[in-house]
Structure formats: structure tokens, C-alpha cells
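For reference, the chains in residue letters:
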Amino acid sequence: MSASFPTKRLRRLRKNEKMRNLVQEVLFSTNDLICPVFVQEDLKSKTVVESMPDIQRLPISDVTKEVDEIKKLNIPAIMLFGIPAKKDDHGSGAFVDDGIVQKAIRQVRESFGDSIVIMADVCLCQYTSSGHCGILRGNTIDNDTSLKTLSDIALSQARAGVDIVSPSAMMDGQVKVIREALDENGFTDVGIMSHSAKHRSSFYNPFRDAADCAPQFGDRKTYQVPYTNPREAMREIELDINEGVDIVMVKPALAYLDLIAETKRRFNIPVAAYSVSGEYALVKGAAKQGWINETDIMSEILYSIKRAGADMIVTYFAKKMAEHLSK
Ligand code: PBG
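For every chain, the first residue of its written sequence is number 1, and the numbers climb from 1 along that sequence. Note on the predicted model: pLDDT of at least 70 is required for a residue's local features to be given, and 80 or more for side-chain atom pairs to be given and counted; whole-chain, interface and lining totals, by contrast, use all residues. Side-chain numbers here rest on the full set of heavy atoms in the structure, without hydrogens or water.

### Thoughts on the side chain of Ser-146
- Think of it this way: any DSSP run of H or I at least four residues long counts as a helix, any run of E at least two long counts as a strand, and we number them from the N terminus. Within the secondary structure layout, Ser-146 lies in helix H4 (residues 143-160).
- Note on exposure labels: buried denotes an accessible area under 20% of the residue type's maximum, exposed denotes more than 50%, and partly exposed covers the range between, all computed with a 1.4 Å probe on protein chains only. Among the residues examined, Ser-146 registers a relative accessible area of 0% and is labelled buried.
- By the criterion applied in these results, polar contacts are pairs of N or O atoms within 3.5 Å in which, for protein atoms, one can donate a hydrogen and the other can accept it, and in which residues neighboring in sequence qualify only through two side-chain atoms. A distance of 2.6 Å separates a polar side-chain atom of Ser-146 from the backbone oxygen of Asp-142.
- The residues contacting Ser-146, other than those within four sequence positions of it, are Gly-134, Ile-135, Ile-141 and Met-171. The contact criterion used is simple: two residues touch if any of their non-hydrogen atoms lie within 4.5 Å.

If you want it as C-alpha cells, here you go:
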């Protein structure tokens, strides 16, 4: 036989669909999806989010129906975000027992018991007049004052029946104070999924429309991780693990696949990735123009995040991906 023929032919295992299925390495299940839900106080009816097509802000009266749909798609978890009727300097709407998120948690728990994992965002930017993720002293965000408020938010959510609190404020020490507050108050079973390596990112802009949380002055550079600093990101994750976090997160996802892979390689802890609003908007925008196929791109992106090492993904495509996987 002529030496010019290849003896190793990878095409053999690609020749038909069953063969390809047999050798598929990365699997994706609906069990890997976390579906964000936006709920707004004093809202009369569902409101579209201009910059995030097919995503809506819901009035509290629509939450049960929405979660029912999510559950029927076999998605195991929701992530609740609240938009309060009023903002103030203390972000009070975030930690009162009759706050919008606390009400939503109670309602979902009453309707569905333990059959869905309820996660809730723990942050201040939707609730403060400044739109910042912490409490201000003058024009700076006061880390340690903010910690007390963040633990109050987590506790109020725990009293409402949350399964997992998800601090996204990027205050130093937030996991530690939240863990202590939960434990001291008997909520030892409430978990923490921290937005550990949350980067200062322009990919969040559409979310700020959805959640009405754009900073009123300055930016978030003093508390979020610079996207130029991968070792600093690993340090954030390491600190959260030392402080007792249950699940770490890398955020955003698509432009940060290297950090997802690195986190998975280095640490023995579940890794979440948050495929954020800007990633969603890019796909939606291009698909609307007819430049890409939305479903194909969605699948390729979500598989790539899985391939990088994410155990679970928060994504605005959760429902669409679940539908796609069930076909
Ligand atoms: C802050 C928060 C943000 C996101 C989730 N939680 C915005 C920010 O830090 O400015 C962004 C999520 C997304 O873009 O999808 N509480």
C-alpha cells in the first residue's frame, strides 16, 4: 500500500449520527440550566425588556405561571432578581420581609414545595438610589457597611424559604458574613453560590435595562475584577472557598472560557458560569438580522461553556435550550 494513504482516519467515527452519538464527549442536560426570573414590584402586567428580546419583567401575579413553565421544561433551578418600586440610600427594598424577591420566594415555595431549586440574587444595585452594589460613604462604596446589609438581604431571603443565596455585589468578605449570619440564625442548610469571579464587564449593559440598576455615577471598577487579571480572578475564587461558599461562579462566560477551565482544573467545588445579558443580546441581535441561526449558535455557545468545565449555567436561553434538548 502506498505510504501516501492515511492509516488513521478520524472520519470513521463521524460517518453517521448514531456513530457520532456514541463517541460524543461533552453532554448537556436540562439539569445543567438555571433560569433567571425578573420580578418587579407594583407592575401591572408583563413588560418586555427592549435589549433582551423574549425576556420579560413579571408582576408578582405572573411568577407562579412562569415557574410552572420552567418546571415543565425540566429545568431544576431559577434565579430570582427583584426590581423594587422605590429605591433609597440603604437599599431597604432588598432586605425587608415583604420585599418583592421575598414575596416571590414565598409564592414559589408555596406553589411548588421542593420541586424546584430557588436561588436569589443578593445585591444592592437594583435597590440603591446610586445604582451601586454597595452602600455609599461620600462617593466611595463602603465595603464593610455594605457587608452588614448583604447579610440582612441573605437572611430575609432565607426566612422566605430560599435554597441558595447568590451574592453578586463583589464586596470583600461577603461570603463569610453571609455564611455566619445564616448559621447563627439556624439556616445552616441554605447554600451560597457566589458570583466569585465577577468581572467588570460591558456585557452587563442589557441587564441594567432589565433590572434598572445602572450606576448613577462612575462605574464598578473599584469592586469588580478587571478582565486583564486572570490570577486575581483565581484569588477571588480561592477566597470564597475559604469563606465557605458552596458553588463558585465565573461571570461572564463566553469571553472567559479560559477562567472556567482554570477554575475547574484547580478547585474541587461545583463551578457555575453566568452567560450574561450581553452574550444573549449579541446572539439575539445577529439572529434578528438573519446573519446567524439562533438555535445553532445558542447550542454551540452553551456546549462550549460546558466543555470549558462549567457544571451549571445561568442563561437567558435556559427555556429555549431546554426545548431544543428535548427534541
Ligand atoms: C448585579 C448584577 C449584574 C448582573 C447580575 N447581577 C449587573 C452588574 O453587575 O452591573 C448582570 C447579569 C447580566 O448581565 O446578565 N446585581
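From this point, the narrative continues.
### Describing the site of the ligand
- Working definition: residue near molecule or strand if any one of its non-hydrogen atoms lies within 4 Å of it. Neighbouring the ligand are 17 residues; Lys-198, Arg-208, Lys-251, Ser-277 and Tyr-316 lie closest to it.
- Side-chain polar atom of Arg-220 to an oxygen atom of the ligand: 2.9 Å apart, as the coordinates give it.
- One of the side-chain N or O atoms of Lys-251 is found 3.3 Å from a nitrogen atom in the ligand.
- Each accessible area is a Shrake-Rupley estimate made with a 1.4 Å probe; only the visible protein chains count as cover when residues are assessed. For the ligand, the protein covers 100% of the area, taking 400 Å² as the surface of the free molecule.
- Taken together, the residues of the shell around the ligand break down into 8 nonpolar, 4 polar and 5 charged. The classification used treats Ala, Val, Leu, Ile, Met, Phe, Trp, Tyr, Cys and Pro as nonpolar, Asp, Glu, Lys and Arg as charged, and all other residues, Gly among them, as polar.

### Section: the pairing of strand S5 (residues 117-122)
- With respect to burial, S5 is a largely interior element, 5 of its 6 residues being buried.
- Where strand S4 (residues 77-83) and S5 come together, 4 bridges link them in parallel fashion. Note on S5: the bridge partner recorded for Leu-80 is Ala-120.
- Where S5 lies against strand S8 (residues 164-167), 4 bridges are found, and the strand directions are parallel. Bridging across to S8, Asp-121 finds its partner in Ser-166. Whether two strands pair depends on DSSP finding at least two bridges between them.

### Observations regarding the pattern of salt bridges
- Criterion for a salt bridge: a side-chain nitrogen of Lys or Arg within 4 Å of a carboxyl oxygen of Asp or Glu. Following the criterion strictly, the structure yields 19 salt bridges and no others.
- Close ionic contact of Asp-183 with Arg-179 constitutes a salt bridge, the shortest N to O distance being 2.8 Å. Of the two residues, Asp-183 and Arg-179 both sit in helix H5 (residues 174-184), 4 residues apart, roughly one turn of that helix.
- Asp-183 gets classed as partly exposed once you look at its relative accessible area, which sits at 35%.
- On the basis of relative accessible area, Arg-179 is assigned to the buried category, the value being 13%.
- Across the salt bridge formed by Arg-265 and Glu-262, the nearest N and O atoms sit 3.3 Å from each other. With Arg-265 and Glu-262 both in helix H8 (residues 257-266), this residue pair falls 3 residues apart, about one helical turn.
- Residue classification places Glu-262 among the partly exposed residues on the basis of a relative accessible area of 22%.

### Concerning the pairing of S8
- Residue alternation in S8 divides its side chains into two sets, Ile-164 and Ser-166 and Val-165 and Pro-167, and both sets are buried.
- The sheet contact formed by S8 and strand S9 (residues 191-198) spans 2 bridges and is parallel. Bridge assignment links Ile-164 to a residue of S9, and that residue is Gly-191.
- Handedness of a crossover is defined as follows: orient the strands so they point away from the viewer, and if the path from the first strand over the helix to the second runs clockwise, the crossover is right-handed. The β-α-β motif built from S8, the intervening H5 and the parallel element S9 has right-handed crossover chirality.

### Considering the nonpolar core
- In this description, a nonpolar core means a group of buried Ala, Val, Leu, Ile, Met, Phe, Trp, Tyr and Cys residues linked to one another through side-chain atoms lying within 4.5 Å. By size, the foremost hydrophobic cluster in this structure holds 104 residues, and its most contacted members are Phe-38, Ile-78, Leu-80, Val-165, Met-193, Ile-260 and Ile-305.
- Considering every element that reaches this core, the biggest residue donor is H4, with 7 residues.

### So, H8
- Burial in H8 covers these residues: Leu-259, Ile-260 and Thr-263. What you see down the axis of H8 is that its buried residues fit within an arc of 105 degrees, all on one side. Structural note: H8 exposes Asp-258 and Arg-265 on the side pointing more than 90 degrees away from its buried face.
- Those residues of H8 hidden inside the fold are in contact with helix H7 (230-242), strand S10 (247-251), strand S11 (271-275) and helix H10 (294-308). As used here, the arc belongs to the directions running from the helix axis to the C-beta atoms.

### Some remarks on a nonpolar patch on the surface
- Only residues above 30% relative accessible area that lack a salt bridge enter a patch, with like-charged residues linked at up to 9 Å and the nonpolar side chains Val, Leu, Ile, Met, Phe, Trp and Tyr linked at up to 5 Å. Together, Leu-13, Leu-22 and Val-23 make up an exposed nonpolar region whose accessible area comes to about 300 Å².
- Leu-13 sits in the partly exposed class, given a relative accessible area of 44%.

### Thoughts on the packing of aromatic side chains
- A pair of Phe, Tyr and Trp rings is counted when the ring centres sit within 6.5 Å of each other, with Trp represented by its six-membered ring. The angle between the planes then sorts it: under 30 degrees is stacked, over 60 is edge-to-face, the rest tilted. Within the structure shown, the criterion is met by 8 aromatic pairs.
- Ring plane angle 55 degrees and centroid distance 5.6 Å describe the contact between Phe-38 and Phe-207, whose orientation is recorded as tilted. You can see Phe-38 sitting in strand S1 (residues 33-40) and its partner Phe-207 sitting in helix H6 (residues 205-211), a full 169 residues away along the chain.
- Given a relative accessible area of 1%, Phe-38 falls into the buried group.
- Among the aromatic residues, ring-to-ring pairing joins Phe-38, Phe-81, Phe-207, Tyr-274, Tyr-280, Tyr-316 and Phe-317 into one connected group.
- Charge-over-ring placement is defined geometrically: NZ (Lys) or CZ (Arg) within 6 Å of the ring centre, and within 35 degrees of the ring normal. Sitting above the plane of the Tyr-204 ring, Lys-198 keeps its charged end 5.5 Å from the centroid.
- The ring of Tyr-204 carries the charged tip of Lys-251 above its face, separated from the ring centre by 5.1 Å.

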